[in-house]
Amino acid sequence: MPGDRPTMPPVRLRTEAELARDALAAPLLARAVRLARWAEPGKPVAVGGVLSAEDLRAAVELLDLAADEEGAEHVAQAWQLAVDTGLVAIQESEADDAAEADDVDSVADGESEAPAIATSGEELRLITGGSPQDVLDIWLDGFETVLADAAAPDLADIVDQISEGGEIDLDSIDWNPEEEAEFLDGILGNLYLLTAMDEEAAVGAVPLPALVASMVVPDDMDEPTDDILEEVSEAMVRLDDQFRLLAPTGLIEYQPVDEALIEEVDGEVRLHESDPARQQPQDDEEDVSRYGMVRLTPLGVYAVRSRMLDAGVDAPVVGDLADKGADVLLDTLPGHPESAAHAEAELWLDRRTPDGAARELLAAARGDDEDAPLRRLTCQQTLSLVGGAAEPALREVLDDRHLGGLARVWLAEHGAKDIPEPSETMVFWLTVDTLAAQLAAEDDSEELRDLVRGLVDQSGGFFESAWKVDHPATADVLEAMGRLHPDKKAAKEARKAAFKARSRA
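Residues numbered from 1 in each chain as written. Predicted model: local features only at pLDDT ≥ 70, side-chain atom pairs only at ≥ 80, totals over all residues. Heavy atoms only, no water.

For the rest of this paragraph, the subject is the overall build of the protein chain. Looking only at helices and strands, the protein chain has 25 helices and eight strands in total. Residues classed as buried in the protein chain amount to 42% of the 505 residues present. In the protein chain, the proportion of contacts linking residues at least 24 apart, taken out of those at least 6 apart, comes to 70%. Within the structure as shown, the protein chain displays about 27000 Å² of accessible surface, and the carbon and sulfur contribution to it stands at 48%. (Helix = DSSP H or I, 4+ residues; strand = E, 2+ residues; numbered from the N terminus. Buried < 20%, exposed > 50% of the residue type's maximum accessible area, 1.4 Å probe, protein only. Contact = heavy atoms within 4.5 Å. Areas by Shrake-Rupley, 256 points an atom, 1.4 Å probe, with all protein chains shown as cover.)

This is the structure in structure tokens:
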């Protein structure tokens, strides 16, 4: 059922053209494209498309990696990406039927092997002549192959643990492919969530210990145990290797773990004895950064969201509501992070005239249902972005019991003249409505406690009148005020008023 799908907060996506440029600028794809052009006339390769030692050296020079001690490895990765994505096509060399027949036995015995030819593939044409989406599709294909490699164990470990029968013993290398893939997916999902929820995370970097702890440390654990800290440390070392592999794809910007913090004990690589999971963002920034810092790039946000959509996750984008009705907008915005809600509201308003938008919003804000107060608060917040041209629409609802109060607030904030004074009944109704909305949005937040305290302190006889307010949420609001107000006498008065309101109802 659609309602059962997990839902993520909305993210901001760059345009396809901008994302395609980011993809082409990513080191791994950029190198793969250069190698595909280099191979266009045809290059003899071994089975599987493996470059000869001579061509490998030539490719290192081509990519200006001769001074890099890992240059050959970078070339091999880029070449493999080119083959995997179709930028390079591998064609078996043609031979006459008689030669093939003569060679069958020798090939079977390993005496000779007909070489293959590597040439540029069809996808190379799409890189230069296709659409931005074509480029992104190629990049995504390549990213998926690298992600699969990142979740795989080290090749040296596999070679060391091959059983006598020539089979890989997964238990002996302590690797579960499903669990490893799920862990890496979970890490990227948490990074995506942080990016969507926090503007600072979208432009800054997240400490690796905090990211790993979000996956490893149980939510109900106040202080991580030694076993949990060891698990965090082991996961950080593993993730450090994986992020180093993923960074050249353009998925992330990554500052690796300081090599001085990594040691090998009894054949196992781990961090020095330390408590990285206990380090907080307010700790010395230089110390925290030594344990690794990571940021999901705009291209990374696009990639992780694509994977989520494929997995059936509801992963909205800011702007999805622009063509929806005001009822959908007001129901959805309260669940958005503040910055995303603001951007979404602006995009929605851009599609409409100020007067038309105001009328649509006001009509959707009416109602006595449980969600109506939060709808009206969201309506008020959205209307604050509308200019003075909406004034006629606001004046039309001055006598409306649901909307007259918020209309007066809007008119006053926009410097309108001749605003009729609200009745005492309307003032108290708006107060209850606003508090009901705040309770739905924030529950028992400190800001709400301050609002309740200030409201009661400014109006000595508040509870004597409030219990009479004809609002569906009156009793619940008064009960909450009794729970939130720090003064025992005021809290008792609130509870009494709540009892009267329920009796009256």
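For the rest of this paragraph, the subject is the sheet that holds strand 3 (residues 116–120). Read across the open sheet, the three strands follow the order 1-3-2; overall the sheet is antiparallel. Both edges of this open sheet fall to strand 1 (43–45) and strand 2 (88–92), since each of them pairs with a single strand only. Neighbour-to-neighbour, the strand axes of this sheet turn through a mean angle of 35 degrees, independent of strand direction. Taken together, the five bridges between strand 2 and strand 3 define a ladder with antiparallel strand orientation. Paired with Val88 across the strands is Ser120, a residue of strand 3. Set on the sheet, helix 4 (residues 71–85) makes contact with strand 1, strand 2 and strand 3; between it and strand 2 the angle comes to about 75 degrees. (Pairing = 2+ DSSP bridges. Axes fitted to C-alpha atoms, helices over the stretch in contact; angles between N-to-C directions.)

Right, let's talk about the nonpolar core for a bit. Formed by 81 residues in total, the largest nonpolar core has its most connected members in Trp79, Leu87, Trp139, Phe243 and Leu251. In terms of residue count, the dominant contributor to this core is helix 7 (residues 132–150) (nine residues). Grouped together as the second largest cluster of nonpolar side chains are 29 residues, Leu333, Trp348, Leu349 and Leu362 included. (Core = buried A, V, L, I, M, F, W, Y, C linked by side-chain atoms within 4.5 Å.)

Looking now at the side chain of His336. Along the chain, the position of His336 falls in the loop between helix 15 (326–332) and helix 16 (338–350). On the accessibility criterion, His336 (16% relative accessible area) is buried. Contacts of His336, omitting those with residues within four sequence positions, involve Pro10, Leu321, Ala341 and Glu344.

Summarising burial for helix 20 (residues 404–413): seven of the 10 residues are buried, a large majority. Within the sequence span of helix 20, burial applies to Gly404, Gly405, Leu406, Ala407, Arg408, Trp410 and Leu411. Buried-residue contacts for helix 20 involve helix 17 (354–365), helix 18 (372–383), helix 19 (391–395) and helix 21 (424–442). Just downstream of helix 20 lies Gly415, where phi reads positive at about 70 degrees.

Here the focus is the pattern of salt bridges. Enumeration according to the criterion identifies 21 salt bridges in this entry. Two residues, Glu259 and Arg244, come together in a salt bridge whose shortest N-O distance is 3.3 Å. Taken together, the residues Glu259 in the loop between strand 5 (252–255) and strand 6 (262–265) and Arg244 in helix 12 (residues 226–246) connect sequence positions 15 residues apart. With a relative accessible area of 31%, Arg244 lands in the partly exposed category. Several salt bridges share partner residues, and in doing so they unite Glu144, Asp185 and Arg307 into one network. (Salt bridge = Lys/Arg side-chain N within 4 Å of Asp/Glu carboxyl O.)

Attention now moves to a negative patch on the surface. A cluster of acidic residues, Asp226, Asp227, Glu230, Glu231 and Glu234, forms a negative patch on the protein surface. Here Glu230 lies in helix 12. (Patch = residues over 30% accessible without salt bridge, like charges linked within 9 Å, V, L, I, M, F, W, Y side chains within 5 Å. Lys, Arg positive; Asp, Glu negative; His and termini not counted. Charge placed at Lys NZ, Arg CZ, Asp CG, Glu CD.)

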